[in-house]
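Letter by letter, the chains look like this.
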Amino acid sequence: MQDAGKQVALTTLALITLKRESKQTAGLMDMDLPVEINDLSALNLLPDGREFWVGPLVNVHNEGTLHYLARRGATRICLPPELPLTSGATRALRLRSGVMAACRWPWRGYHDRAKDNCQFVCEQDLDGRNVETLDGEPFLAVNGIQTLGQSTATAVHHIALLRDAGVSALRLSPQNRDFAGIVAGYAGIVAGRIDAAALTGRLRAAVPMERLSNGFLTGPSGADFPEMIEA
């Protein structure tokens, strides 16, 4: 990937609870690549003066937290997915900041197997297992130890707003169907080669259940997806 001109980073686990997980995290620090922190306990394993990134699973909900992480050496931050765009604008300070632009929103929970003996059962449902309410309405998706939103959130209508807010990177969460096409679509809209309507059609055909949502960038509900014109 580096030979292809890509910048590669290694990410920590989101919930470090076992000794072997701590050992694995410490091993990341010995590799000559940027490390993305998704559990604050990993800060204790960073060598003094080592720069790092901050992932979306760290609760950076105020400027004080952001400035603390910047003083510790953070050079890039991906804002938590539940923050509205108005909050993201105030947090895009001095750092190369990003937002989750295509993903199922994560929740915590799920599975009836011990973590060390799960046998990777989540591989049976590559994009997660859909969950319905008692009334048969689509509600959530479960994937490994995560419970996810049932729709796929997208920032397709907010590219210009995010750029104006100082956001410099979009994060796309991998999925099973045509992910290369989704990446190309976002690259196209960022470069101005396609519009939001064209990318929306491409996304609907590729995401699970063909359901899209706005996430929490502007709407009152993360599951909404208004057919809006990009501002």
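Please read all numbers here as calculations on a predicted model, not as lab measurements.

About the thresholds
Residues numbered from 1 in each chain as written. Predicted model: local features only at pLDDT ≥ 70, side-chain atom pairs only at ≥ 80, totals over all residues. Heavy atoms only, no water. Helix = DSSP H or I, 4+ residues; strand = E, 2+ residues; numbered from the N terminus. Buried < 20%, exposed > 50% of the residue type's maximum accessible area, 1.4 Å probe, protein only. Contact = heavy atoms within 4.5 Å. Areas by Shrake-Rupley, 256 points an atom, 1.4 Å probe, with all protein chains shown as cover. Phe/Tyr/Trp six-rings, centres within 6.5 Å; stacked < 30°, edge-to-face > 60°. Lys NZ or Arg CZ within 6 Å of the ring centre and 35° of its normal. Expected span 1.5 Å × (residues − 1). Arc of directions from axis to C-beta. Salt bridge = Lys/Arg side-chain N within 4 Å of Asp/Glu carboxyl O. Core = buried A, V, L, I, M, F, W, Y, C linked by side-chain atoms within 4.5 Å. Polar contact = N/O pair within 3.5 Å; in protein donor to acceptor, adjacent residues only side chain to side chain. Axes fitted to C-alpha atoms, helices over the stretch in contact; angles between N-to-C directions. Parallel < 35°, antiparallel > 145°, perpendicular 65-115°, else oblique. Nonpolar A, V, L, I, M, F, W, Y, C, P; charged D, E, K, R; others polar. Pairing = 2+ DSSP bridges. Right-handed = clockwise from strand over helix to strand, strands pointing away. pLDDT = per-residue confidence, 0-100.

A. Representation of the overall build of the chain in the model. Within the chain, the regular secondary structure consists of 6 helices and 12 strands. In the chain, which comprises 231 residues, the share counted as buried stands at 42%. The contacts in the chain between residues at least 6 apart in sequence include a share of 54% that link residues at least 24 apart. For the chain, the computed accessible surface area is about 12,800 Å², with 54% contributed by carbon and sulfur atoms.

B. Inspection of the packing of aromatic side chains at higher detail. One pass over the full model with this rule turns up 0 aromatic pairs. Across the ring face of Trp-53, the terminal group of Arg-76 is positioned such that the distance to the ring centre comes to 4.4 Å.

C. How the structure looks around helix α5 (residues 179–191). Compared with an ideal rise of 1.5 Å per residue, which puts 13 residues at 18 Å, α5 spans 18 Å between its outermost C-alpha atoms and is within 8% of the ideal. Within α5 the residues assigned to the buried category are Gly-181, Ile-182, Gly-185, Tyr-186, Gly-188 and Ile-189. An end-on view of α5 places all buried positions within 155° of arc, on one side of the element. Of the residues one or two after α5, Gly-192 is the one with positive phi, at around 85°.

D. Main features of the pattern of salt bridges. Counted under the stated rule, the structure contains 1 salt bridge. Taking the shortest distance from any N to any O, the salt bridge between Glu-36 and Arg-171 comes out at 2.3 Å. Here Glu-36, found in strand β2 (residues 35–37), pairs with Arg-171, found in strand β11 (residues 169–172); they are 135 residues apart in sequence, far enough to count as distant.

E. Just the nonpolar core, in detail. Counting 18 residues, the largest nonpolar core has Ile-37, Phe-52, Val-54 and Val-60 as its most contacted members. Within the residue set of this core, elements represented by two or more residues are β2, β3 (52–54), α2 (63–72) and β4 (74–78). Counting residues in each nonpolar core, the second largest holds 13 residues, with Ala-196, Leu-199, Ala-206 and Leu-212 among its members.

F. Spatial organisation of the side chain of Thr-25. By the element assignment, Thr-25 lies in helix α1 (residues 19–28). Engagement of the side chain of Thr-25 in a polar contact is seen with the backbone oxygen of Glu-21, the distance being 2.8 Å. The contacts of Thr-25, once residues within four sequence positions are left out, are Thr-12, Ile-16, Ala-42 and Leu-45.

G. Molecular detail of α2. For α2, the complete set of buried residues consists of Leu-66, Leu-69 and Ala-70. The buried residues of α2 occupy an angular sector of 105° when projected down its axis, which confines them to one face. With a side-chain oxygen lying 3.1 Å from the backbone nitrogen of Gly-64, the N-terminal cap of α2 falls on Asn-62. Of the residues one or two after α2, Gly-73 is the one with positive phi, at around 120°.

H. View of the packing of α5 against helix α6 (residues 196–206). With their axes 10 Å apart at the nearest point, α5 and α6 run at an angle of 170° to one another. Here α6 runs roughly antiparallel to α5, going by the angle between their axes. When α5 is examined against α6, the residues Gly-181, Ile-182, Ala-184, Gly-185, Tyr-186 and Ile-189 are found in contact with a partner set consisting of Ala-196, Leu-199, Arg-202, Leu-203 and Ala-206. For the contact of α5 with α6, the residue count by class is 8 nonpolar, 2 polar and 1 charged.

I. Representation of the pairing of β4 within the structure. By the criterion of burial, β4 is predominantly enclosed, with 4 of the 5 residues buried. Note that β3 and β4 share 3 bridges and pair parallel. When the sheet's bridge partners are listed, Trp-53 is paired in β4 with Arg-76. Following the chain from β3 across α2 to the adjacent parallel β4, one finds a crossover that is right-handed.

J. Expanded view of the confidence of the model for the chain. In the predicted model, the chain carries a mean pLDDT of 78, and the fraction of residues at 70 or more is 76%. Under a pLDDT of 50 for its full length, residues 107–111 has, in the predicted model, 20 contacts with residues more than four places off or in other chains.

K. Region of interest: the environment of Asn-44. Take Asn-44: it is sitting in the loop between β2 and β3. With 18 residues separating them along the chain, Asn-44 and Ala-26 place their C-alpha atoms 9.4 Å apart.

L. Local environment of the environment of Leu-28. Topologically, Leu-28 is positioned in helix α1. Sequence spacing of Leu-28 and Thr-11 is 17 residues, and the spatial spacing of their C-alpha atoms is 8.2 Å.

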